[in-house]
Every structure is written in C-alpha cells, then in structure tokens.
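# Structural overview for review
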Amino acid sequence: MEVVIRPNADAAADLVARVIAREMRINPRLVMGLASGNTMEAVYARLVQMHQEEGLDFSACRTFNLDEYVGLSGSHANSYRHYMNRHLFLQVNIDLQNTHLPDGMAADLDAECANYERVIAENGGIDLQLLGIGQNGHLGFNEPLSAFRSRTRVKILSPVTRAQNAPLFPRPDLVPQRAITMGVGSILNCRHCILLATGEDKAAIVAKAVEGPITSMISATALQLHPECTVILDEVAGSQLNESDYYHWIFENQPQWEIFRATLPPVAPNGFHIKREPEKQPAK
Ligand code: GLP
C-alpha cells in the first residue's frame, strides 16, 4: 500500500483523475471499477474537464460500478446509475453499453449478482478500481463483518451507512435497506486499487484502515492485503496517520510520482499548493 497526502480535497481528486487518465491513455480499453458518493464527484468533474479540454477518450473503456441500491431503478434520482449518468457517463464519449452497474430491480437478485461477476470476468477483470470509504470503513457496501473472500451479493445496510447516505434522500426512511455490492474478494481481485478519502470526518476511519489491524469489522483494512493499492488523501483526512512524514517523503522523492509532481499548481510559502482562482471581473 502506498499513501499520498495532498494539501486539499481538490488536489487529491485531481491526482486521482490524472492517475486514471494516464491509465486510460496507456490502455484505451481499460476496465475501470467505479465508485459513487460525494467524494467522487470532484474526480468525475475533473475527468469530464479532461475529456472536454484534452480529448480524453472514453470510447473504448469499460466500467463496472461497485454497488447499487436494491429496489431503485436506474431512472430513480437516488440510484447509482442515475448518479453515474449525471456525473460522468452522459458528459463524456463513453458507450453506455460498456457501462455496468448491478440491477437493483432484478427479479432474482442472487442470479443478478452471479451474472455481474461473470460479466466482469468475461471482460478480463478490473484493471483499476476506484474506491471511497464509508464512515464505518466499508468499501462499496461491504458492511462490517463482510468476508474478505466475498463476491458480489446483497448486503443489508448498517444504521451508520443509512444515516450517512440519508441526506441524499428526501426522507431518511426512504434510504433502501439493502444493496447489491461487489464483495471484498471481488475488489481484492482487481489489478490496482485507488482509494480516495477527503475531509475531517474520514480522518479516524482512514487511520484505522491504513495503519490499524486487519479486521473484517472494517472492510477497508483488507486493502492492506492488496499488492497494488494507492490511498490518496487530503491533509485533513490524513491527519490521524502516524507515518505521514514517511508518506510525504515517498511522494516527493520516488520516481513513479515524478510526472504527477511536475504538473502540480505552484507552491505557496507555507508549502501548500496554490489553488488557481478564476480572475475576478472588475466592477462595472
Ligand atoms: C456510499 C458508497 C461507497 C462510498 C461511500 C462514501 O456508501 N456505497 O462506495 O465509498 O458512500 O461516500 P462519500 O464519498 O459521500 O463519503
């Protein structure tokens, strides 16, 4: 596992987007695992911008989302299909046929889960898996005690998760009780994982996930077992880590990060990167 701490949430999301874009340019047929949630919106916005300004090409890539609520159709405003269409798919030149999410309305949910795993395998497996992290350390909807060898299946959402996602729904009781999620084992199968976490409310769970003991009570600790996992944080999300000086040193000195260091915005005297603000128009 490698940990990269950026000065702020924009810089962290920008780095994630640039790592993804680089992989897409190397392999236009990249199979991407995608995630939803507030944290990812900045990543998708940056990818859309790269598509518009730099011609980043999505036409041949294939995507598989981590999860979908049971009982919500793709057209429901709170479904993850709707989220993905809105934040990414309908804003880039991706072929919607190449975008996959579990069908939360499937009549036979178990068959749907098995089929999802089959289609991932038919596409050669996931090359790059993007991950967020829930307050309880879940990946996708792998709630506490999810087996590390679990595959795509239906999970009952924990009260913590339902409360965390409630602000996105018209009423808290409308948050579905179940979701289809790729398993921890499905996630560990992918070739490269990138976990993005930003904001103070993620600091405690990030420290447990990255530096704490491996436990199925916190699914994200399973990433410590993954041979190629990159955790990208902003300063506040990384603020409870013990070894942050070491992580900073790696990013600043190791050759694999050189191309990503080179294109960062200018550095202010306090050592933080300056966010470029749009020029203010003079008052008329
Ligand atoms: C949901 C998703 C997770 C995501 C989490 C974090 O629970 N199922 O995949 O990681 O939200 O969301 P946010 O980025 O809004 O904190």
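Details of the structure are given in the entry above.
What counts, and where the lines are drawn
Residues numbered from 1 in each chain as written. Predicted model: local features only at pLDDT ≥ 70, side-chain atom pairs only at ≥ 80, totals over all residues. Heavy atoms only, no water. Near = heavy atom within 4 Å. Polar contact = N/O pair within 3.5 Å; in protein donor to acceptor, adjacent residues only side chain to side chain. Areas by Shrake-Rupley, 256 points an atom, 1.4 Å probe, with all protein chains shown as cover. Helix = DSSP H or I, 4+ residues; strand = E, 2+ residues; numbered from the N terminus. Nonpolar A, V, L, I, M, F, W, Y, C, P; charged D, E, K, R; others polar. Axes fitted to C-alpha atoms, helices over the stretch in contact; angles between N-to-C directions. Contact = heavy atoms within 4.5 Å. Pairing = 2+ DSSP bridges. Buried < 20%, exposed > 50% of the residue type's maximum accessible area, 1.4 Å probe, protein only. Right-handed = clockwise from strand over helix to strand, strands pointing away. Salt bridge = Lys/Arg side-chain N within 4 Å of Asp/Glu carboxyl O. Parallel < 35°, antiparallel > 145°, perpendicular 65-115°, else oblique. Left-handed = near helix turned anticlockwise from the far one by under 90°.

Here the focus is the site of the ligand. Near the ligand, the surroundings consist of 14 residues, among which Asn 38, Thr 39, Asp 67, His 138 and Lys 202 are the closest. Between Asn 38 and the ligand, the recorded distance is 2.8 Å, taken from a backbone N or O atom to an oxygen atom. Here Asp 67 contributes a side-chain N or O atom positioned 2.8 Å from a nitrogen atom of the ligand. The protein chains hide 95% of the 390 Å² of surface that the ligand would expose on its own. Looking at the shell around the ligand, the elements with two or more residues in it are helix H2 (38–54) and helix H5 (159–165). Each residue belonging to the shell around the ligand can be placed in one class, and the counts come to three nonpolar, nine polar and two charged.

What follows deals with the packing of H2 against helix H3 (residues 80–87). Relative to each other, H2 and H3 sit at 40°, their axes nearing to 10 Å. Here Met 40, Glu 41, Tyr 44 and Val 48 of H2 come into contact with H3, specifically with Tyr 83, Met 84 and His 87. Of the residues belonging to the contact of H2 with H3, the class tally is five nonpolar, one polar and one charged.

Let us now look at the sheet that holds strand E1 (residues 2–6). Taken together, seven strands build an open sheet; the order of strands is E1-E10-E9-E6-E2-E3-E5 and the sheet is parallel. This sheet does not close on itself; its edge strands, each paired only once, are E1 and strand E5 (99–100). Looking at chain direction, strand E9 (residues 192–197) and strand E10 (residues 229–234) are connected through five bridges and run parallel. Following the sheet pairing, Leu 196 is matched in E10 by Ile 232.

Along E10, six of the six residues are buried, which leaves the element largely enclosed by surrounding structure. Covered by surrounding structure in E10 are Cys 229, Val 231 and Leu 233 together with Thr 230, Ile 232 and Asp 234, the residues of both alternating faces. Two strands pair when backbone bridges link them, and E1 and E10 are joined in this way by five bridges, in the parallel orientation. In the strand pairing of E10, Ile 5 is matched with Leu 233. A crossover links E9 with its parallel partner E10, the connecting element being helix H7 (residues 203–211), and its sense is right-handed.

Below, the discussion takes up unusual backbone geometry. Look at Leu 145: it is not a glycine, yet its phi comes out positive at around 75°. Along the polypeptide, Leu 145 turns up in the loop between strand E6 (128–131) and strand E7 (153–156). In this structure Leu 145 comes out as exposed when scored by relative accessible area, which is 58%.

Looking at chain direction, strand E4 (residues 67–69) and strand E8 (residues 178–181) are connected through three bridges and run antiparallel. Residue Glu 68 lies in a different strand from E8, and its bridge partner there is Ile 180. Here E7 pairs with E8 via four bridges, running antiparallel. Paired with Val 154 across the bridge in E8 is Ile 180.

What follows covers the pattern of salt bridges. Tallying each qualifying case throughout the model produces seven salt bridges. A salt bridge links Arg 18 to Asp 14; its shortest N-O distance comes to 3.0 Å. On the criterion of helical spacing, the pair formed by Arg 18 and Asp 14 is a turn pair, its members being four residues apart in helix H1 (residues 9–26). In this structure, Arg 18 and Asp 14 share a single accessibility class: buried. Between Glu 117 and Arg 151 there is a salt bridge; the shortest N-O distance is 3.1 Å. In this pair, Glu 117 is assigned in helix H4 (residues 109–122) and Arg 151 in the loop between E6 and E7, connecting sequence segments 34 residues apart. A relative accessible area of 16% means that Glu 117 is categorised as buried.

Okay, H3 next. Of all eight residues that make up H3, six are buried, and the element is covered over most of its length. Those residues of H3 that fall on the buried side of the exposure criterion are Tyr 80, Arg 81, Tyr 83, Met 84, Asn 85 and His 87. If you follow the buried residues of H3, they end up packed against strand E2 (31–34), H2, strand E3 (62–65), E4, E5 and H5.

The subject of this paragraph is the packing of H1 against H2. Two elements in contact, H1 and H2, have axes whose closest approach is 8 Å; the angle formed by their N-to-C orientations is 50°. Relative to H2, H1 is oriented oblique. Where H1 crosses over H2, the two elements pack in a sense that is right-handed. Only Ala 42, Val 43, Arg 46, Leu 47, Met 50 and Glu 54 of H2 make contact with H1, whose side of the interface consists of Ala 13, Asp 14, Val 16, Ala 17, Arg 18, Ile 20, Ala 21 and Arg 25.

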